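# Structural features, examined
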Amino acid sequence: MKTFDEEIKSGLVWMPELGMGRYPVPEQRPYDDGYFARYREMADTQLGHELTAARIRLVGRHYGSGPVLDVGIGAGQFVEARPNTQGFDVNPAGLAWLQQRGQWADLYADRYPVLTFWDSLEHIDRPDIAVGKAEEWVFVSVPLFESGDDILRSKHFRPDEHIWYWTREGLVNWFKEQGFALAEGNDIETQLGREGIGSYAFFRV
């Protein structure tokens, strides 16, 4: 039993009945100046610009141009490109960037009409608390998987960053447990060239 008990604490736990898995990412994570700079480079490409535009259109279809808090800003490309948008990030480089622009907001200090999580929900220790700060809408892009084996084979299995893993059905059901219903799901980011990414709009019910 020793090996099993150790693996439960330190390895991937996948629950097919929930369509959801968890990996115990260490407290020390690679969020620093280099991380921010790397994502700035990726954002400033044709694919990066197309992804940002697709995300802005997704929000616009369901919510319009009202205030949004982007959670986990990556390189800040969505905050830069969409007016009336603030950001929250745990990377000191991202935090400083937001504060310099006057666009920082503390996710956990208040509630917000709309939250966006572009490639960030899977990084958050308590995503239930995070999405609970949304009053109306949550928009998310996230890697999707079919099984535990699928995760282990995927480029999106990142043991130093990604805590949570979902199937499509598992993600929709998880949001239902948080009090949200699905308004739209699409694979536009996969069509644009990314691997296995789903984009979703959820509204509070």
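The following refers to the structure shown. (Residues numbered from 1 in each chain as written. Predicted model: local features only at pLDDT ≥ 70, side-chain atom pairs only at ≥ 80, totals over all residues. Heavy atoms only, no water.)

### So, the overall build of the chain
Worth spelling out the cut-off: Secondary structure elements are defined from DSSP: runs of H or I of at least 4 residues count as helices, runs of E of at least 2 residues count as strands, and each element is numbered from the N terminus. Our radius of gyration looks at C-alpha atoms and nothing else; its globule reference is 2.2 Å times the residue count to the power 0.38. To measure how exposed things are, a 1.4 Å probe is used in the Shrake-Rupley method; for residues, cover is taken only from the protein chains shown. Counted charges follow a simple rule, with Lys and Arg positive, Asp and Glu negative, and His plus the chain ends left uncounted. The atoms used to mark charge sites are NZ of Lys, CZ of Arg, CG of Asp and CD of Glu.
Counting secondary structure elements, the chain contains 9 helices and 9 strands. Over its C-alpha trace the chain gives a radius of gyration of 17 Å, about what one expects of a compact globule, namely 17 Å for 205 residues. Along the first, second and third principal axes, the C-alpha atoms of the chain reach 55 × 40 × 35 Å. Within the structure as shown, the chain displays about 10,300 Å² of accessible surface, and the carbon and sulfur contribution to it stands at 51%. Distance from the positive charge centre (21 side chains) to the negative charge centre (32 side chains) of the chain: 2 Å.

### A few points about the sheet that holds strand β1 (residues 13–15)
Applied cut-off: Pairing between two strands requires that DSSP report at least two bridges joining them. Simply put, an axis is a line fit to the C-alpha atoms, just over the touching stretch for a helix, and the angle between two N-to-C directions goes from 0 to 180 degrees.
One open sheet accounts for 3 strands, arranged β1-β2-β7; its pairing is antiparallel. In this open sheet, the two edge strands, each paired with only one partner strand, are β1 and β7 (164–166). Ignoring strand direction, the axes of neighbouring strands in this sheet form an average angle of 15°. As judged from the 3 bridges shared by β1 and strand β2 (residues 20–22), these two strands associate in the antiparallel manner. Directly across from valine 13, in β2, lies its bridge partner arginine 22.

### Topic: the environment of isoleucine 151
Stated formally: Any two residues having at least one pair of non-hydrogen atoms within 4.5 Å are treated as being in contact.
Relative to the helices and strands, isoleucine 151 is located in helix α7 (residues 148–153). Apart from the residues within four sequence positions on either side, isoleucine 151 is in contact with Leu12, Trp14, Phe145, Phe157 and Tyr165.

### A few points about the packing of aromatic side chains
What counts is decided by this rule: Two aromatic rings from Phe, Tyr or Trp, using only the six-membered ring of Trp, form a pair when their centres are within 6.5 Å; if the ring planes differ by under 30 degrees the pair is stacked, by over 60 it is edge-to-face, and anything between is tilted. Using a 1.4 Å probe on the protein chains alone, a residue whose accessible area is under 20% of its type maximum counts as buried, one over 50% counts as exposed, and one in between counts as partly exposed.
For the structure shown, the criterion picks out 16 aromatic pairs. Here tryptophan 137 and phenylalanine 139 contribute two aromatic rings whose centre-to-centre distance is 5.6 Å and whose plane-to-plane angle is 15°, an arrangement assigned as stacked. Of the two residues, tryptophan 137 and phenylalanine 139, both sit in the buried class. Between tryptophan 166 and tryptophan 174, the ring centres sit 5.6 Å apart and the planes meet at 55°, which makes this aromatic pair tilted.

### Considerations on the nonpolar core
Selection criterion: For our purposes a nonpolar core is just a set of buried Ala, Val, Leu, Ile, Met, Phe, Trp, Tyr and Cys residues, chained together by side-chain atoms within 4.5 Å.
Counting residues in hydrophobic clusters, the biggest one holds 34 residues, and the most contacted among them are Phe117, Leu121 and Phe175. Those elements that provide at least two residues to this core are β3 (68–71), β5 (112–118), α6 (127–131), β6 (134–143), β7, α8 (168–177) and β9 (197–204). Ranked by size, the runner-up nonpolar core spans 10 residues in total, among them Leu58, Val59, Tyr63 and Val68.

### Examining the layout of surface pockets
Rolled over the atoms, a probe as big as a water molecule pinpoints where empty space is left. Note the cut-off: Space inside and on the surface of the protein is sampled on a 1 Å grid over the protein atoms alone, with a cavity defined as a set of points where a 1.4 Å probe fits but cannot get out and a pocket as an open set with protein on both sides within 12 Å along at least 5 of 7 lines; lining residues have an atom within 4 Å of a point. Grid points are joined across faces, edges and corners, and a volume is the space filled by probe spheres set on the points. Residues were grouped as follows: Ala, Val, Leu, Ile, Met, Phe, Trp, Tyr, Cys and Pro as nonpolar; Asp, Glu, Lys and Arg as charged; and all remaining residues, including Gly, as polar.
When its volume is computed, the largest pocket comes out at roughly 940 Å³. Considering the residues around the largest pocket, the lining is formed by 43 residues, among which Tyr35, Tyr39, Trp118, Asp119 and His123 are closest to the centre. Breaking the lining of the largest pocket down by element, the ones donating at least two residues are α2 (33–43), α3 (46–62), β3 and α4 (77–81). The residue inventory of the lining of the largest pocket, partitioned by class, reads 18 nonpolar, 12 polar and 13 charged. The calculated volume of the second largest pocket comes to roughly 180 Å³. When contributions to the lining of the second largest pocket are tallied by element, the ones reaching two or more residues are β1, β2 and α8. Ranked by residues supplied to the lining of the second largest pocket, first place goes to α8 with 4 residues.

### Topic: the sheet that holds strand β4 (residues 85–88)
The 6 strands are arranged β4-β3-β5-β6-β9-β8 in an open sheet whose pairing can be described as mixed. The open sheet has two edge strands, β4 and β8 (180–186), and neither has a second partner. Adjacent strand axes in the sheet meet at a mean angle of 20°, parallel and antiparallel pairs treated alike. Here β5 pairs with β6 via 6 bridges, running parallel. Paired with leucine 115 across the two strands is valine 138, which belongs to β6. Along the sheet, α3 makes contact with β3, β5, β6, β8 and β9, crossing β8 at roughly 135°.

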